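A structural walkthrough
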Amino acid sequence: MDFFNQYGLCIFFCILGIFLIIISYIAEYTGKSTIPFVGGFLMAIGFLNSPLRFLWILIFIDPGFSLMPINSIKDKIKAKQIHKNFSDMFINQDYVPGKEDDSRFLKVRVLERKDEFEWPFKSNHLYELQIPRLFFAICYDKEGKCYLLSDEATKNSQIDIYPFDYKTISVTGIGKKHTDLTVEIEILRKLKSADKKIHNKV
């Protein structure tokens, strides 16, 4: 009974915390989203409510405390380099200067995750998708041809250029490690007020 009173709460929180930490490492390995820090906090609660208070330091086995700060710094450095690469590409490829088009917008879908986003349309503008990690821009040359520029932000990634001949384009095989996600980018025109009234009547 004394053992349970001293360590029961600790054992419960530590088991739950370790389970969540394992889930976090699996998510980190497969490139899926997770809830960081929770497993580490549960372990800290468990140890701080037992005679083994000094073991609270084991919270750093949670990737939220150990890997995320490192990955965050690496991501910021990589993002800064990608921004520079895109800016250089806009100049070197002699694309038409970017401008915002209020009559159109972008619809971005991550098919496997069933995520969908709508963003204002602007040429020569760098867009950033978080999951999967993808930087992209839509550019026009002087002949009016449209191109998609994309960079997956991996260690040795570079800017890929695809002809954007139709209103929709898909980029496949994106994601960390064992993930394989498809990002679909679509350029759509906004409905005018008159079009909306007709559409509502129908």
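Residues numbered from 1 in each chain as written. Predicted model: local features only at pLDDT ≥ 70, side-chain atom pairs only at ≥ 80, totals over all residues. Heavy atoms only, no water.

This part takes up a nonpolar patch on the surface. Taken together, Phe12, Leu16, Ile18, Phe19, Ile22, Ile23 and Ile26 make up a surface patch of nonpolar side chains, about 650 Å² in accessible area. On the secondary structure map, isoleucine 26 appears in helix 1 (residues 2–30). Its relative accessible area of 46% is what places isoleucine 26 among the partly exposed residues. (Patch = residues over 30% accessible without salt bridge, like charges linked within 9 Å, V, L, I, M, F, W, Y side chains within 5 Å. Areas by Shrake-Rupley, 256 points an atom, 1.4 Å probe, with all protein chains shown as cover. Salt bridge = Lys/Arg side-chain N within 4 Å of Asp/Glu carboxyl O. Helix = DSSP H or I, 4+ residues; strand = E, 2+ residues; numbered from the N terminus. Buried < 20%, exposed > 50% of the residue type's maximum accessible area, 1.4 Å probe, protein only.)

It is worth spelling out the pattern of salt bridges at this point. Within the structure shown, the criterion is met by twelve salt bridges. The shortest N-O distance in the salt bridge between arginine 109 and glutamate 186 comes to 2.9 Å. Here arginine 109 is found in strand 1 (residues 100–110), whereas its partner glutamate 186 is found in strand 8 (residues 181–189), with 77 residues between them in sequence. For the residue pair arginine 109 and glutamate 186, the accessibility class agrees, reading buried in each case. Here aspartate 115 and arginine 113 are joined by a salt bridge, their closest N and O atoms 2.9 Å apart.

The strand order across the open sheet formed by four strands is 2-1-8-7, and the pairing between neighbours is antiparallel. If you trace the sheet from one side to the other, it starts and ends with strand 2 (115–122) and strand 7 (168–174), each paired once. Shown here is a sheet whose adjacent strand axes are inclined to one another by a mean of 20°, direction ignored. Judged from the seven bridges that link them, strand 1 and strand 8 form a sheet pairing that is antiparallel. Considered in strand 8, the bridge of arginine 109 is made with glutamate 184. (Pairing = 2+ DSSP bridges. Axes fitted to C-alpha atoms, helices over the stretch in contact; angles between N-to-C directions.)

Looking at the secondary structure, you find isoleucine 82 in helix 3 (residues 63–92). With relative accessibility at 1%, the residue isoleucine 82 sits in the buried group. Placed 69 residues apart in sequence, isoleucine 82 and aspartate 151 show a C-alpha to C-alpha distance of 7.8 Å. With near-sequence residues (within four places) excluded, isoleucine 82 lies in contact with Leu126, Phe135, Asp151 and Ala153. (Contact = heavy atoms within 4.5 Å.)

This part is about the pairing of strand 5 (residues 146–151). Within strand 5, five of the six residues are buried, leaving the element largely enclosed by the surrounding structure. Examined bridge by bridge, strand 4 (residues 134–140) and strand 5 share six bridges and lie antiparallel to one another. Among the inter-strand pairings, phenylalanine 136 is bridged to a residue of strand 5, identified as serine 150. Counted between consecutive antiparallel strands, the loop separating strand 4 from strand 5 contains five residues, among which glycine 144 sits at a positive phi close to 90°. As paired strands, strand 5 and strand 6 (residues 160–163) are joined by four bridges and run antiparallel to one another.

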